[in-house]
Structure formats: C-alpha cells, structure tokens
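In case you want the letters, here they are:
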Amino acid sequence: MIFLAVFMGFIAENIRERISDKEKEKEYIHSFIQNLQDDTSRLNTIIAENKKKIIGLDSLVSLSFKNIDLPENRRSLYRLTGQFATYYSLFTGSDATMQQLKNSGGLRLIRKNHVADSIAKYDIEMDEVKEGEKYYNKAMDDCFQSIIQVLDFSVYYDTTYFKNGSYTNKMPPLLIYEKQKIKFFFNEVINEKFTTRNYIYHLKARLSFALRMIAFLKKEYNFE
C-alpha cells in the first residue's frame with residue numbers, strides 16, 4: 001500500500017509537471033509571436049526608410065553628370081550628401097523571448113521538433129541580417145571618409161553660406177577640385193547605394209520568414 005501511494009504520488013506529480021511545462025510552452029510561444037510581430041513592424045519601417053535613402057542617393061549620383069560649379073548644383077550636392085549619404089537605419093530585433101529560450105533552457109519545453117527547428121532557423125535568419133549590416137556599415141564609413149575630403153562642413157557655421165536652416169545664395173566651396181577625387185567620391189556614394197539595396201534584400205527575406213513563422217505558430221498552437 002505504501003508503494004502504491006508513493007507510485008500514485010509520483011504519477012500525479014509527473015502529470016502536474018507535464019501540465020505546467022505545457023502551459024510554459026504556450027506562454028513562450030505566445031511571447032515569441034509577439035516578438036515576431038514587433039520584428040515585422042520594425043522591418044517594414046527600416047525597409048521603407050532605406051528605400052527613401054536609395055532614392056536620395058540616386059538624386060545625389062545624378063549630380064555626377066552635371067556641372068557642380070553651378071551654384072544650384074553645388075548647393076544640391078551639399079544638401080543631398082548631408083541628408084542621405086552615410087544616413088543609416090538599422091534593424092534591431094526583439095529577441096527577449098529567444099534569449100530566454102536559449103539561456104534558461106526553455107527550448108527543452110518545445111515538444112514539437114518542427115517548431116523547435118523553426119525557432120532555431122529564425123535565430124539563424126537574424127544572424128544573416130547582422131552579416132548584411134557589416135557591409136552596410138563599412139560602405140557608410142568609406143563614403144564618409146570620401147565626403148570629408150571633398151566638402152567643407154564649416155559652411156554650416158558660416159552664415160554667409162548657411163543661415164536659419166537654409167543655404168544662402170553664396171555657393172558652398174569644395175575642398176578639392178581634382179576630378180579624380182570627386183569621381184571617387186561619387187563612386188563611394190554609388191557603393192553605399194548598392195550596399196543599402198543589398199541590405200534591403202536581406203531585410204525583406206527576414207520579413208517574409210517572420211510572417212510565415214507567425215502564421216505557422218498560431219496554427220500549431222491554436223492561437224487566434
């Protein structure tokens with residue numbers, strides 16, 4: 001009788017643990033879905049901002065075919081460079097639940113192997129975005145180094161060039177007039193544009209994956 005009581009108590013405790021683990025599993029998944037939804041919202045914003053950046057860089061590159069010794073083109077060169085060149089909009093994921101799953105051993109609670117595999121895959125997908133950021137950041141750094149050799153930022157502190165938030169009629173100067181240096185500057189702008197386009201490609205791929213993950217997890221766990 002004592003053995004039976006202990007055995008039954010063991011079974012009851014085991015059942016309670018399973019129920020508790022199942023509830024924790026659903027809590028983790030629900031929280032992970034919320035993180036994914038935050039990610040998709042952020043991804044849409046970052047993609048849109050970088051698309052605007054590309055349009056601006058296109059306008060800047062178009063000046064390479066114009067006479068930048070003309071006052072209106074020179075002012076456009078300063079304006080577009082300041083507004084779009086080296087402008088960055090980076091994605092930062094909502095990984096609070098992912099970190100909990102990895103650091104607290106929560107992944108063991110995910111009983112469905114295909115779900116656990118998909119979560120691990122999403123983590124890898126986010127690492128791909130970080131890889132894309134390396135090239136994105138380097139392109140901006142390279143472009144900045146070229147900009148500071150061509151444009152004179154002190155004009156923004158000289159009211160004869162820039163006053164009340166706008167350029168005056170006085171034409172902003174160039175630090176150098178070497179065609180090769182200016183051509184190199186535009187090449188760096190073009191490189192930043194292409195790198196930004198590549199970054200958008202990575203972001204769109206992760207956005208598509210995140211949307212599929214949300215639909216998949218909601219179906220697997222019967223979330224509305």
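Just above sits the structure.
It should be emphasised that the depicted structure is a prediction, and the values quoted were computed from it without experimental measurement.

About the thresholds
- Residues numbered from 1 in each chain as written.
- Predicted model: local features only at pLDDT ≥ 70, side-chain atom pairs only at ≥ 80, totals over all residues.
- Heavy atoms only, no water.
- Helix = DSSP H or I, 4+ residues; strand = E, 2+ residues; numbered from the N terminus.
- Buried < 20%, exposed > 50% of the residue type's maximum accessible area, 1.4 Å probe, protein only.
- Contact = heavy atoms within 4.5 Å.
- Areas by Shrake-Rupley, 256 points an atom, 1.4 Å probe, with all protein chains shown as cover.
- Salt bridge = Lys/Arg side-chain N within 4 Å of Asp/Glu carboxyl O.
- Phe/Tyr/Trp six-rings, centres within 6.5 Å; stacked < 30°, edge-to-face > 60°.
- Lys NZ or Arg CZ within 6 Å of the ring centre and 35° of its normal.

*Asks:* I would appreciate a short explanation of the overall build of the chain in the present structure.
*Replies:* Of the regular secondary structure elements, the chain holds 5 helices and 2 strands. Counted from the first residue to the last, the chain has its helices and strands arranged as α-α-α-α-β-β-α. Sorting the 224 residues of the chain into buried and exposed places 38% on the buried side. Partitioning the contacts of the chain with sequence separation of at least 6, the portion at a separation of at least 24 is 84%. By element, 55% of the accessible surface of the chain is carried by carbon and sulfur atoms, the whole surface being about 13500 Å².

*Asks:* Any chance you could explain the pattern of salt bridges here in plain terms?
*Replies:* As a working rule, side chains carrying opposite charge can pair if their charged atoms are close by. Considering all chains together, one arrives at 7 salt bridges under this definition. Between Glu125 and Lys121 there is a salt bridge, with the nearest N and O atoms lying 3.3 Å from each other. Highlighted residues: Glu125 and Lys121, both in helix 4 (residues 113-150), separated by 4 residues, approximately one helical turn. A residue is classified by how much of its surface remains accessible, and Glu125, at 9% relative accessible area, is buried. Given the relative accessible area of 38%, Lys121 is considered partly exposed. The salt bridge partner of Asp142 is Lys138, with a shortest N-O separation of 2.8 Å. Of this pair, Asp142 and Lys138 both sit in helix 4, 4 residues apart, which is roughly one turn of that helix. We classify Asp142 as partly exposed; its relative accessible area is 26%. It is possible to trace a salt-bridge network through shared partners that takes in Lys121, Glu125 and Arg206.

*Asks:* Whenever I open this one, the packing of aromatic side chains confuses me. Can you help?
*Replies:* Remark: the centre distance and the inter-plane angle together describe each pair of aromatic rings, the angle taken between the planes. A complete count under the given rule lists 10 aromatic pairs for this structure. Seen from their ring centres, Tyr136 and Tyr199 are 4.5 Å apart, and the 40 degrees between their planes marks the pair as tilted. Taken as a pair, Tyr136 in helix 4 and Tyr199 in helix 5 (residues 179-220) lie far apart in primary sequence, 63 residues in all. Each member of the pair, Tyr136 as well as Tyr199, is classed as buried. Summarising the aromatic geometry, the rings of Phe153 and Tyr156 are spaced 6.5 Å apart at their centres and angled 20 degrees between planes, so their arrangement reads as stacked. The exposure class assigned to Tyr156 is partly exposed, which follows from its relative accessible area of 26%. One aromatic cluster is present, formed by Tyr78, Phe153, Tyr156, Phe162 and Tyr167 through successive ring pairs. Sitting above the plane of the Tyr161 ring, Lys170 keeps its charged end 4.4 Å from the centroid.

Read these as spatial facts, not as claims about activity.
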